[in-house]
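# Structural overview
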Amino acid sequence: MEAKVNARWSLGFVHDQFALGRRFRILNIVDDVTRECLAAIPDTSISGKRVARELTALIDARDKPQMIVSDNGTEFTSNAILGWAKDYLVEWHYIAPCRPMQNGYIESFNGRMRDDLLNEGLFIDLAQARQLISAWVTDYNTARSHSSLGYKTPAAYAGILTAPKGVTLGEALTAAG
């Protein structure tokens, strides 16, 4: 995989429940190169059409990936996703059934989210879940260094990869926060 932003995104779901027992899911989208969490979308129901809408909004904001990797869940194998991938000319790779580590970046991210956030407390409702998950993602992207990124945060590493030619490492890191 080429070391550039948007080379490959991984998608996956993590599940949790509210304090009163109602279940919800979180669609996580991660850039495999920068380790940035591009989106963490909690809701009680997320269809293939919704995944396609979220991907469209994401590429409108940051350009499209060369490839997307996911499992074979119904949301990712739906006609909405197959049509979306064809329309946007994005290669979609499905991992082998029962082989979650073939999508290790999203599995690692989901595990970290579960350990750091989901297992630490209870959500009262969807609004609170959205607020706390958004704050956690911001912290994950901008304040947590990763050894695999040379002890830079995902946002800082992405800033380095997208810096114009002639910009020094220090200038790129300063601009990225």
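To be clear, the structure that these remarks concern was listed above.
This text gives an overview of the structure that appears in the document. Please read all numbers here as calculations on a predicted model, not as lab measurements. (Residues numbered from 1 in each chain as written. Predicted model: local features only at pLDDT ≥ 70, side-chain atom pairs only at ≥ 80, totals over all residues. Heavy atoms only, no water.)

It is worth spelling out the packing of aromatic side chains at this point. What characterises a pair of aromatic rings is the spacing of the ring centres plus the angle enclosed by the ring planes. Applying the stated criterion across every chain, the model contains 10 aromatic pairs. Between W84 and W92 the ring centres are 6.3 Å apart and the planes differ by 90 degrees, which places this aromatic pair in the edge-to-face class. Across the pair, exposure class does not vary: W84 and W92 are buried alike. Centroid distance W136 to Y140: 5.4 Å. Interplanar angle 25 degrees. Geometry classified as stacked. Of this pair, W136 and Y140 both sit in helix 4 (residues 126-143), four residues apart, which is roughly one turn of that helix. Sitting above the plane of the F13 ring, R25 keeps its charged end 3.9 Å from the centroid. (Phe/Tyr/Trp six-rings, centres within 6.5 Å; stacked < 30°, edge-to-face > 60°. Buried < 20%, exposed > 50% of the residue type's maximum accessible area, 1.4 Å probe, protein only. Helix = DSSP H or I, 4+ residues; strand = E, 2+ residues; numbered from the N terminus. Lys NZ or Arg CZ within 6 Å of the ring centre and 35° of its normal.)

We now examine the sheet that holds strand 1 (residues 8-17). Reading across the sheet, the five strands line up as 3-2-1-4-5 and stay open at both edges, with mixed pairing between neighbours. Both outer strands of the open sheet, strand 3 (37-43) and strand 5 (91-94), are each paired with one neighbouring strand and no more. Each strand axis lies, on average, 20 degrees off the axis of its neighbour in the sheet, ignoring direction. Alignment of strand 1 against strand 4 (residues 67-70), held across three bridges, turns out to be parallel. Directly across from R8, in strand 4, lies its bridge partner M67. Across the sheet, helix 3 (residues 104-116) lies against strand 1, strand 2 (23-31) and strand 3, angled at about 35 degrees from strand 1, the strand it touches most. In the packing of helix 4 onto the sheet, contacts are made with strand 2 and strand 3, and the angle to strand 3 comes to roughly 165 degrees. (Pairing = 2+ DSSP bridges. Axes fitted to C-alpha atoms, helices over the stretch in contact; angles between N-to-C directions. Contact = heavy atoms within 4.5 Å.)

Moving on: the side chain of D31. Mapped onto the secondary structure, D31 falls in strand 2. The exposure class assigned to D31 is buried, which follows from its relative accessible area of 0%. At a separation of 3.2 Å, a polar atom in the side chain of D31 contacts the main-chain amide nitrogen of T34. If near-sequence neighbours (up to four positions away) are discounted, D31 is found in contact with V5, N6, R8, W9, E36, L38 and R62. (Polar contact = N/O pair within 3.5 Å; in protein donor to acceptor, adjacent residues only side chain to side chain.)

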